[in-house]
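Summary of structural features
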Amino acid sequence: MRSFLKPAAGLVCLVALACAGCSSGGDDTSDAAPSQTPRTSAAPSESESSSTTSYAPYVSATTASDMDSTGSPTTYNLAFVISDGSDCAAKWNGTYAIGNAAVKSRISALKESGASVRVSFGGASGEELASTCDNVTELAAAYGSALDAAGSTQADFDIEGEQLTDSASVKMRSAAIAVLQKERPDLKVSFTLPVMPSGLDSDSLALLESANDSSVKVSTVNIMTMNYGTSYSGDMGDYAITSAKAAHDQLEDVFGLSSAGAWQGLALTSMIGDNDVSGETFSLSDAAQVRAFAEEKEVAWVSMWSTFRDQQCEDDDSASDDAATDCSGVEQDSGAFAEALSG
């Protein structure tokens, strides 16, 4: 998915999937202020999984949107925590200090409805912390500082592009997450990964295997049902469902899960409206289709990129705005995608 820096965007065992299956802070130093029988590794337990599919959109951690609360999210995915590119310090968007007072106020406001927050590390732009930290201890501490600053017990790792193919950072990240979970037994971990209608690619599967080797407990594998490529010019709702079915079968195999357990350890994130790939448009009817499918299969949660895009572009022309970051590029009422995806 795109980051907020530059417009562009389990193996582990899943902790909420199958009991017998493979399981899936700081001071403000920034002058900038944002605007308002199983495998040995632990896997998600079916008994811990909810039969209700929740709605958990991606939101800017630094800037409020009028559409943030539409659809009454149960969890907000805070995008993104990365490095500023020079050291191991965690920063919001690579720019704002992790303890920035205005960001903390923003997060508190999101929680006022009773929703929780999940800190998302990575994204499509900038440098994920595993690429700049020198060792596992430093990396675990950097991740922990962001979780403490947000008051969160949920960590999402959005790994894509070069970060996904960097085997050294993948290995160090897995080890750091394992350290964090030893220190924070209640920490729930999700991996957000690119997908195709054929399923997760070899790099994503290798990442999950790395996590599994480190005994990371993964609650959810969140697939990005978007940006398939120019050869995929069909219906985006159908592609999302086809991708989900393929990934589901992979989670069964990788984690040794039941069919129901694999669905409960899966999450779906769509890029609403115009996608980054020309010709790909995720419509409101696609959103309703994905929501109905997710409820039928009882997947963990559905999400979208992102709340601040959930509005029509000015002059009904996506070219007059940046449809990647400011609006959806399709005709809609503000908040319509949130309503469709939240059911």
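Attention in this report is confined to the structure presented alongside it. These figures come from a predicted structure and were not determined experimentally.

1. Examining the packing of helix α6 (residues 236-255) against helix α8 (residues 284-297)
It is at 8 Å that the axes of α6 and α8 come closest, and there the two elements cross at 25 degrees. The angle between α6 and α8 falls in the class roughly parallel. You can see that α6 and α8 cross each other, and the crossing is right-handed. Residues M236, G237, D238, A240, I241, A244 and K245 of α6 touch α8, and the partners they reach there are D286, Q289, V290 and F293. When grouped by side-chain class, the residues that make up the contact of α6 with α8 number six nonpolar, two polar and three charged.

2. A closer look at unusual backbone geometry
Among all residues except glycine, the phi angle is most often negative; among peptide bonds, the trans geometry is most common. For the peptide bond that leads from A79 to F80, omega is -15 degrees, which places it in the cis range. With respect to the helices, strands and loops of the structure, F80 is situated in strand β4 (residues 75-82). The amide bond that connects W305 to the next residue, S306, takes the cis arrangement and shows omega of 0 degrees. Tracing the chain through its elements places S306 in the loop between β14 (301-305) and α9 (336-342).

3. Regarding the state of the cysteines
The full count for this structure, using the stated rule, is two disulfides. Residue pairing for C88: its cysteine sulfur links by disulfide to C133, the two sulfurs lying 1.9 Å apart. Residues C88 and C133 are joined by a disulfide whose S-S torsion is about 90 degrees; by sign, that bridge is right-handed. Pair noted here: C88 is in the loop between β4 and β5 (91-92) and C133 is in the loop between β7 (116-122) and α2 (136-150), with a separation of 45 residues, a long-range link. Here C313 pairs with C327 through a disulfide, and the sulfurs are 2.0 Å apart. Disulfide C313-C327: torsion about the S-S bond near 90 degrees, hence right-handed. One end of the pair, C313, is in the loop between β14 and α9; the other, C327, is in the loop between β14 and α9, and 14 residues separate them in sequence. By relative accessible area, C327 is classed as buried at 1%.

4. Describing the pairing of strand β11 (residues 266-271)
A large share of β11 lies buried, amounting to six of its six residues. Residue alternation in β11 divides its side chains into two sets, L266, L268 and S270 and A267, T269 and M271, and both sets are buried. Taken together, the five bridges between strand β10 (residues 217-225) and β11 define a ladder with parallel strand orientation. From the neighbouring strand, M224 faces β11, where its bridge partner is T269. Strand direction decides the pairing type here: β11 and β14, joined by five bridges, are parallel. Residue pairing in the sheet places A267 in a bridge with W301 of β14.

Rules and cut-offs
- Residues numbered from 1 in each chain as written.
- Predicted model: local features only at pLDDT ≥ 70, side-chain atom pairs only at ≥ 80, totals over all residues.
- Heavy atoms only, no water.
- Axes fitted to C-alpha atoms, helices over the stretch in contact; angles between N-to-C directions.
- Helix = DSSP H or I, 4+ residues; strand = E, 2+ residues; numbered from the N terminus.
- Parallel < 35°, antiparallel > 145°, perpendicular 65-115°, else oblique.
- Left-handed = near helix turned anticlockwise from the far one by under 90°.
- Contact = heavy atoms within 4.5 Å.
- Nonpolar A, V, L, I, M, F, W, Y, C, P; charged D, E, K, R; others polar.
- Disulfide = S-S within 2.5 Å.
- Buried < 20%, exposed > 50% of the residue type's maximum accessible area, 1.4 Å probe, protein only.
- Pairing = 2+ DSSP bridges.

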